[in-house]
Amino acid sequence: MSDRSAVLLQYLIPKQALTNFAGWVAGKKRGKVTTWIIKRFVAKYGVNMSEALDSDIRAYKTFNAFFTRALKPGARPLAKADLVCPVDGAISQFGRIEGDQIFQAKGHHYSCAALLAGSAALAAPFTNGSFATIYLSPKDYHRIHMPCTGRLLRMTYVPGDLFSVNPTTARGVPGLFARNERVVCLFESELGPFALVLVGATIVGSMQTAWHGVVNPPRTGKVREWRYEDKQIVLQQGEEMGRFLLGSTVVLLFPGPPLAFSPVWVPARPVRLGEVMANRSSQQAASQ
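From a predicted model like this one, the values you see are computed outputs, not experimental measurements.

> Explain the overall build of the protein here, please?
Looking only at helices and strands, one finds 10 helices and 18 strands in the protein. Buried residues in the protein amount to 51% of all 288 residues. For the protein, contacts bridging at least 24 residues in sequence account for 76% of all contacts bridging at least 6. Carbon and sulfur atoms make up 56% of the accessible area of the protein, which totals about 12800 Å².

> Any chance you could explain the packing of aromatic side chains here in plain terms?
When we look at a pair of aromatic rings, we describe it by the centre distance and by the angle of the planes. Evaluated as defined, the whole model comprises 15 aromatic pairs. Consider the rings of Phe41 and Phe66, whose centres lie 5.7 Å apart with planes at 80 degrees: the pair is edge-to-face. Here Phe66 lies in helix H5 (residues 63–67) and Phe41 lies in helix H4 (residues 32–45), a separation of 25 residues in the sequence. For the pair Phe41 and Phe66, a shared accessibility class is recorded, and that class is buried.

> Honestly, the pattern of salt bridges in this entry has me stumped. Any pointers?
Two side chains of opposite charge can pair, provided their charged atoms sit close to one another. Overall, the coordinates contain 15 salt bridges when judged by the stated rule. One salt bridge in this structure joins Arg58 and Asp56, with 3.0 Å as the shortest N-O distance. According to the relative accessible area criterion, Arg58 is exposed, its value standing at 59%. Across the pair Glu188 and Arg151 runs a salt bridge, and its minimum N-O distance is 2.7 Å. Taken together, the residues span a long stretch of sequence, with Glu188 in strand S8 (residues 182–189) and Arg151 in strand S7 (residues 150–158) at a distance of 37 residues. Owing to a relative accessible area of 35%, Glu188 belongs among the partly exposed residues under this scheme. Overall, the relative accessible area of 16% leaves Arg151 in the buried class. A single network of salt bridges, built from pairs that share partners, joins Arg154, Glu225, Arg227 and Glu229.

> Would you take a moment to explain the sheet that holds strand S16 (residues 260–261) for this structure?
Strands pair in a sheet through their backbones, by hydrogen bonds, and they do so in one of two ways: parallel or antiparallel. Pairing is antiparallel in the open sheet, where three strands are placed in the order S1-S18-S16. Two strands close off the open sheet at either side, each with one partner strand: strand S1 (83–84) and S16. For S1 and strand S18 (residues 276–279), the ladder comprises two bridges, and the chain directions are antiparallel. Paired with Leu83 across the bridge in S18 is Ala278.

> How do you make sense of the sheet that holds strand S14 (residues 240–245) when you look at a structure like this?
Strand order in the open sheet formed by four strands is S6-S14-S10-S11, with antiparallel pairing between adjacent strands. Two strands in the sheet have a free side with no partner beyond their single neighbour: strand S6 (143–145) and strand S11 (213–216). Between one strand axis and the next, the sheet turns by 25 degrees as a mean value, whatever way the strands run. Pairing analysis gives three bridges linking S6 to S14, with the strands arranged antiparallel. Looking at S14, one finds that Arg143 is bridged to Arg243.

> Is there a simple way to think about unusual backbone geometry in this case?
Leaving glycine out, the prevailing phi sign among residues is negative, and the prevailing peptide bond configuration is trans. Put simply, Gly256 and Pro257 share a cis peptide bond, and its omega is -5 degrees. Assignment of secondary structure puts Pro257 in the loop between strand S15 (249–254) and S16. Even without being glycine, Asn128 reaches a positive phi, approximately 60 degrees. Along the polypeptide, Asn128 turns up in the loop between helix H7 (120–123) and strand S5 (130–135). At Ala268, a position not held by glycine, the phi torsion is positive, near 80 degrees.

Rules used throughout
Here the residue index of a chain counts from 1 through its sequence in written order. With the structure being a predicted model, the display of local features is reserved for residues of pLDDT at least 70 and the display and counting of side-chain atom pairs for 80 or more, all residues being used for whole-chain, interface and lining totals. For side-chain calculations, the full set of non-hydrogen atoms in the structure is used, while hydrogens and water are omitted. In DSSP terms, a helix is any run of H or I states spanning at least four residues, a strand is any run of E spanning at least two, and both are numbered starting from the N terminus. Exposure is judged per residue with a 1.4 Å probe applied to protein chains only, and the accessible area is read against the type maximum: over 50% gives exposed, under 20% gives buried, and values in between give partly exposed. Note on definitions: a residue-residue contact is assigned when non-hydrogen atoms from the two residues lie within 4.5 Å. Each accessible area is a Shrake-Rupley result for a 1.4 Å probe, and residues are judged covered by the shown protein chains and nothing else. Paired rings are identified among Phe, Tyr and Trp, the last through its six-membered ring, by centres lying within 6.5 Å, and are further divided according to the angle between planes into stacked (under 30 degrees), edge-to-face (over 60) and tilted (the rest). For this analysis, a salt bridge means a side-chain nitrogen from Lys or Arg found within 4 Å of a carboxyl oxygen belonging to Asp or Glu. Two strands pair if DSSP finds at least two bridges between them. For helices, the fitted axis covers only the stretch in contact; all axes are lines through C-alpha atoms, and the angles between them, taken along N-to-C directions, range from 0 to 180 degrees.

So, in structure tokens, the structure goes:
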């Protein structure tokens, strides 16, 4: 079966209604029923509860509370690197942005502007830069952290589709990450501007950020933007910046010249928060 055929059902199912229902269920306190659901989820996906700050599944009053569980202090030490991996997950793709084109999967690219709410001005700094796309599976820790220290400039909510974001869908749905619902966060850093994009998906009940809280819902179908240039919202490397309420994908964009990614990084490789993602290239270092 081709990847296109495998995702055909996703074009037909009522993804928005399913997502709303999943979000409603995940946010309800249902006592023993909630504990039973969490227990089954842990068993099915092999969730490692020993590294959770509270490893007792009975302590979580809602599924969302379990899904966004904190880790024990020291569970994810930060490597010494210009950029550390911001999440637990698996590498979808990474590397150089060719002009304004980001590689999604064989035969599929999408533009920086399309990802960034259709804004050519916001996309311009990332021409011939670098990108990394990381998929968070159901078993993973679902808080997102900062790859480097950055000052928040703006946040944009972009309505869109709610396709799932697993590897099969990435191969079968053109422009997947630029057509799904997403929250675009722009920062400035010592490396220049960078974008950290939270991509929604089927049954992702909501996305939230540390400075704003829940961004969606509401789902009004309209682009919404918040500007922070006149504020001093600075997040340190490794600090939590957001959460997924049910899993998804993050896409990071960095300006050129291209970064020197960790030599152990390859597509489909599992990654963990805090490990080396990339460092300045020799060309970047020389320009500092």
